[in-house]
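Coordinate inspection notes
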Amino acid sequence: MGMINSNPKANVLMLKKLFIFTLIMFAFGYALVPFYEKFCEVTGINNLLNPDVLSKDNWVDEERWLAVEFDANARGLPWSFKSLQTNARIHPGEPITVMYEITNNSDREIAGQAIPSYSPRYLEKHLKKLECFCFTKQVLKPKETRQMPVQFVIDPSLPVEINTVTISYTFFELPEGVNVIKK
Amino acid sequence: MAAVHGDAHGHEHDDHHPSGIMRWITTTNHKDIGTMYLWFSFAMFLVGGTLAMGIRAELFQPGIQILEPELFNQFTTLHGLIMVFGAIMPAFVGFANWQVPLMIGAPDMAFARMNNWSFWLLPVAATLLVSSFFVPGGAAAGGWTFYPPLSTQGGLGVDLMIFSVHILGASSIMGSINIITTILNMRAPGMTLMKMPMFVWTWLITAYLLVLVMPVLAGVVTMLLTDRHFGTSFFNAAGGGDPVMFQHIFWFFGHPEVYIMILPSFGIVSEVIPTFSRKPLFGYSSMVYATASIAILSCVVWAHHMFTAGMPTVGQLFFMYATMLIAVPTGVKVFNWTATMWRGSMSFETPMLFAIGFIFLFVIGGFSGVICAIVPIDIQVQDTYYVIAHFHYVLVSGSLFALFAGAYYWIPKWTGRMYNETLGKWHFWLSMFFFNLTFFVQHFLGLAGMPRRIPDYNLQFADFNMISSIGAFGFGLTQLLFLYIMISCIRSGEKAPQMPWDGATTLEWTHLPTPAPYHSFEKPPIVK
Ligand code: HEM
Ligand SMILES: [Cu+2]
């Protein structure tokens, strides 16, 4: 009589295989992290840290005015952060440079990273950032103050019904041990 | 032959010695462990249900009456976590423990000792989770999906939740390894894969899904933990990480997870419907293939939970169409169940009522799922009560109703006693009525824009919320009736006949006495 339900050896072998498979899947979860990073880099999704280049056929839409508001926040670190100019009126396609100022109010050296956020959210697609302090971390000595520029162009492809946009930056402290921001 | 007996007796001997509480702590018997899983999950169901009553009490009227917003958020978070990981999943594992060996003619689970461990991890995890209400800062409050940054910022409660998820994950993985090995290696002679009862098939596929995605969940909560305490920045934007990546990894687990909670209920319904239609299951092999395709597809649709998180249009289109594709094999199943009933000599005992209720309401949940999958509509309804309605139709009237169907169907086999049929029918009709009262109106609330996970709401939503809360209280009370029916069945139910359901054809009914003896199939049956 064929007794298939009686082989402890086969069971243990199966257990081992499934256990190894479990470990592989655990590692796979971690492997998703570099995978997504690479994926976003290759496809150009989520490009926060690299400057854009202005295309040759960039043009200025002189007919149209856009109000741009600048917002600056420091979250959880003893810095003052403001933009030296709270708003601007520009034509789509016209490059503009805005200055920001950060001050470290504490007695220790602190590294911070600015993270941008836009309103409307899809502004990101039409915003070409040529230069930004947010491309790298900023390290401030105790009581140090620094002025930094952002240079950008808003592409005339921005939908016509939009006439006010907001560009906001928030500085976060770089956690200890994180020295280089990943690209 | 000798080998079988030697092996089987190996773990029986210690079953006989301890008595009282030690019997339960040390048991390696699949029936004991199945029973413990079922009671545990029912207890968790009551805890999660109590939290739900709290949520619905707060939402009974606009304004804040009972739960401060912080506590409200803890209630919704733990309600979700407890129902998913504490109630529904362990309940299905309980059914697998009882039924898989009985239905394939095996003497026990493959790894009886590990089976005991996987159960006893659960109360530990549940204690951690529930006790987190009482630590400073309270329980986790960022939703059962624990997205960062809320979950990287929360207090000790979040750490307890993370440990608890680790332990629950370990338990599920051990359980699945056991189930897979039992099904693949321990079937009775003649029980080929394509002769296995549907319940066993659905569990085999579910167990594979579990070993595929539970480790990924364990990984993602570990990343949260190291982000919180050890300076990594997986999900911390300031440190170069990405909070949206959490969502991608979480839902890589999360969507298969929803099928982990529904496939075994497909299995139960596929046993109940043929029995009470007195006809074999229509389209058995297409059922097997449909289950497998659902499982495979479920791994490539995760980002439908993230349509509003920012995604290129091609991505949205891919995930939209892939999601809709799942409706095809699901439709095959619904067709087959209906075709099984077609011209059957049907009778409507409680298990059958719950199974038919399942089909009706699960289809509604499936349709609202397809509607959610349509990107422009989802952008409107995501994070509203519409999504709440959708997944309660698939989880409560889906998974839970199937669990009820299975409990009524197999309780005579487990205990040798019959439940009270009249009360069972009351349980069904009251559940049916109150369930729809609670959740149907939530579709309207969601379409009108009422957000989920918020303790207060605009006056325009007041009437539907009051209706929904009344339904919820009714549904909650009705489940105490289920508890009463089960306890009185076990204690003093009428003696069950050998074959309470004349249409049943699976091994546990045809080859074993009622109630099933403590040790069954020590000598495997021959399946023709
Ligand atoms: C035809 C089948 C199904 C389709 C097309 C479908 C589709 C969807 C979609 C698109 C969402 C995301 C909605 C949003 O967040 O805006 C969703 C959410 C959800 N679905 Fe389904 N679904 C289906 C079946 C199921 C099943 C069988 C279950 C569980 C048994 C389930 C449980 C859930 C849960 C729990 C959520 C909400 C998760 C959360 O955000 O907390 N779904 N479903
Ligand atoms: Cu999903």
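Note that the structure is predicted; figures quoted are calculated from it, not measured. (Residues numbered from 1 in each chain as written. Chains lettered and ligands numbered in written order. Predicted model: local features only at pLDDT ≥ 70, side-chain atom pairs only at ≥ 80, totals over all residues. Heavy atoms only, no water.)

1. Structural notes on empty space enclosed by the protein
Residue and element names in this part refer to chain B.
- Within the structure shown, the criterion is met by four cavities of 30 Å³ or more.
- What lines the largest cavity is a set of 13 residues, and nearest its centre among them are Tyr37, Pro90, Val93, Ser171 and Ser172.
- Within the residue set of the lining of the largest cavity, elements represented by two or more residues are helix 4 (69–104), helix 7 (156–185) and helix 8 (198–229).
- It is helix 7 that contributes the most residues to the lining of the largest cavity, five residues altogether.
- In terms of residue class, the lining of the largest cavity is made up of nine nonpolar, four polar and no charged. (1 Å grid on protein atoms, 1.4 Å probe; cavity = no way out; pocket = protein on both sides within 12 Å on 5 of 7 lines; lining within 4 Å. Points joined across faces, edges and corners; volume = space filled by probe spheres on them. Helix = DSSP H or I, 4+ residues; strand = E, 2+ residues; numbered from the N terminus. Nonpolar A, V, L, I, M, F, W, Y, C, P; charged D, E, K, R; others polar.)

2. Some remarks on the packing of aromatic side chains
Residue and element names in this part refer to chain B.
- Tallied over the entire structure, the rule returns 68 aromatic pairs over all chains.
- Ring centres of Phe354 and Tyr408 lie 5.8 Å apart, and the angle between their planes is 10 degrees; this geometry places the pair in the stacked category. Remark: Tyr408 occurs in helix 15 (residues 385–415) and Phe354 occurs in helix 13 (residues 350–373); sequence separation between them is 54 residues.
- Judged by its relative accessible area of 0%, Phe354 falls in the buried class.
- You can call Tyr408 buried: its relative accessible area is 0%. (Phe/Tyr/Trp six-rings, centres within 6.5 Å; stacked < 30°, edge-to-face > 60°. Buried < 20%, exposed > 50% of the residue type's maximum accessible area, 1.4 Å probe, protein only.)

3. Quick notes on the coordination of the copper ion (ligand 2)
All names here are of chain B.
- Looking at the copper ion (ligand 2), one finds its protein donor set to be His255 (ND1), His304 (NE2) and His305 (NE2), positioned 1.8 to 2.0 Å from the metal centre.
- Spacing between the donor residues of the copper ion (ligand 2) along their common chain follows H-x48-H-H.
- The metal-metal distance between the copper ion (ligand 2) and the iron atom of ligand 1 is 4.6 Å. Within this pair, whereas His255 is found in helix 9 (residues 243–260), its partner His305 is found in the loop between helix 11 (284–297) and helix 12 (313–341), the two being separated by 50 residues in sequence.
- In this structure His305 comes out as partly exposed when scored by relative accessible area, which is 24%. (Donors = N, O, S within 2.8 Å, 3.2 Å for Na, K, Ca; no water.)

4. Topic: the nonpolar core
- Grouped together as the largest cluster of nonpolar side chains are 185 residues, with contacts concentrated most on Phe85, Phe146, Leu217, Phe358 and Phe401 of chain B.
- The element that contributes the greatest number of residues to this core is helix 4 of chain B, accounting for 21 residues.
- Once you skip the residues sitting within four places of it in the chain, Phe401 of chain B turns out to touch Phe354, Gly357, Phe358, Leu361, Val396, Phe428, Ser431, Met432, Phe435 and Phe475 of chain B.
- Counting 33 residues, the second largest nonpolar core, distinct from the first, contains Phe81, Tyr118, Phe133 and Met148 of chain A. (Core = buried A, V, L, I, M, F, W, Y, C linked by side-chain atoms within 4.5 Å. Contact = heavy atoms within 4.5 Å.)

5. Some remarks on helix 10 (residues 263–277) of chain B
All names here are of chain B.
- When the terminal C-alpha atoms of helix 10 are compared, their 21 Å separation across 15 residues agrees well with the 21 Å that a helix rising 1.5 Å per residue should span.
- Within helix 10, 15 of the 15 residues are buried, which leaves the element mostly enclosed by the surrounding structure.
- Directly beyond the C-terminal end of helix 10, a positive phi value near 55 degrees is found at Arg278. (Expected span 1.5 Å × (residues − 1).)

6. Re the pattern of salt bridges
Residue and element names in this part refer to chain B.
- Under the definition given, this model contains eight salt bridges over all chains.
- Note that Arg278 is salt-bridged to Asp502, the shortest N-O span being 3.0 Å. A residue pair is termed long-range when its members are at least 10 positions apart, and Arg278 in the loop between helix 10 and helix 11 and Asp502 in the loop between helix 17 (462–492) and helix 18 (507–510) qualify at 224 residues.
- A relative accessible area of 54% means that Asp502 is categorised as exposed. (Salt bridge = Lys/Arg side-chain N within 4 Å of Asp/Glu carboxyl O.)

7. Quick notes on the coordination of the iron atom of ligand 1
- Just one protein atom coordinates the iron atom of ligand 1, and that atom is His390 of chain B (NE2), at 2.2 Å.
- Among the structural elements, His390 of chain B can be located in helix 15.

8. Concerning the interface of chain B and chain A
- Listed as interface residues are 47 residues of chain B and, on the opposing side, 38 residues of chain A.
- Buried surface at the junction of chain B and chain A, summed over both partners, amounts to about 3400 Å²; 72% is from carbon and sulfur atoms.
- Looking at the side of chain B facing chain A, the largest losses of area belong to Asn185, Ala238 and Met245 of chain B, adding up to 16% of the total buried there.
- Run the count over chain B and chain A and you get zero salt bridges.
- Put simply, chain B and chain A have three residue pairs in polar contact (both at pLDDT 80 or more) between them.
- The biggest single contributor to the side of chain B that touches chain A is helix 8 of chain B, with nine residues. (Buried area = accessible area lost by both parts, 1.4 Å probe. Polar contact = N/O pair within 3.5 Å; in protein donor to acceptor, adjacent residues only side chain to side chain.)

9. Re the state of the cysteines
All names here are of chain A.
- Inspection of every chain in the model, using the stated rule, returns one disulfide over all chains.
- For Cys132, the disulfide goes to Cys134, at an S-S distance of 2.3 Å. Across the disulfide from Cys132 to Cys134, rotation about the S-S bond amounts to roughly 130 degrees, and the bridge is consequently right-handed. Take Cys132 and Cys134: they sit in the same class, and that class is buried.
- Between Cys40, a cysteine without a disulfide, and Cys134, which holds the nearest cysteine sulfur, the sulfur-to-sulfur distance is 17 Å. (Disulfide = S-S within 2.5 Å.)

10. What to know about the site of ligand 1
Residues and elements named next belong to chain B.
- Residues in close proximity to ligand 1 total 22 residues, the closest being Trp144, Asp378, His390, Phe391 and Arg452.
- A distance of 3.3 Å separates an oxygen atom of ligand 1 from a polar atom in the side chain of Gln382.
- A distance of 3.0 Å separates an oxygen atom of ligand 1 from a polar side-chain atom of Arg452.
- Broken down by secondary-structure element, the contributors of at least two residues to the shell around ligand 1 are helix 9, helix 13 and helix 15.
- Here the shell around ligand 1 takes six residues from helix 13, the largest share from any one element. (Near = heavy atom within 4 Å.)

11. Description of the sheet that holds strand 2 (residues 79–83) of chain A
Residues and elements named next belong to chain A.
- The strand order across the open sheet formed by four strands is 2-4-8-6, and the pairing between neighbours is antiparallel. The sheet terminates laterally at strand 2 and strand 6 (127–131), the two strands that pair on one side only. Going across the sheet, the axis of each strand differs from the next one's by a mean of 30 degrees, ignoring polarity.
- The pairing of strand 6 with strand 8 (residues 145–154) spans four bridges and is antiparallel. The residue bridging Lys128 from the neighbouring strand is Val153, located in strand 8. (Pairing = 2+ DSSP bridges. Axes fitted to C-alpha atoms, helices over the stretch in contact; angles between N-to-C directions.)

12. What about the sheet that holds strand 7 (residues 138–140) of chain A?
Residues and elements named next belong to chain A.
- Spatial strand order, 3-1-9-5-7: five strands in an open sheet with mixed pairing. The open sheet has two edge strands, strand 3 (87–90) and strand 7, and neither has a second partner. On average, each strand axis in the sheet is tilted by 30 degrees relative to the strand beside it, whichever way the strands run.
- Relative to strand 9 (residues 164–173), strand 1 (residues 66–75) is paired through nine bridges, and the arrangement is parallel. If you follow Ala72 over to strand 9, its bridge partner there is Tyr169.

Interpretation in functional terms is not warranted from these geometric data alone.
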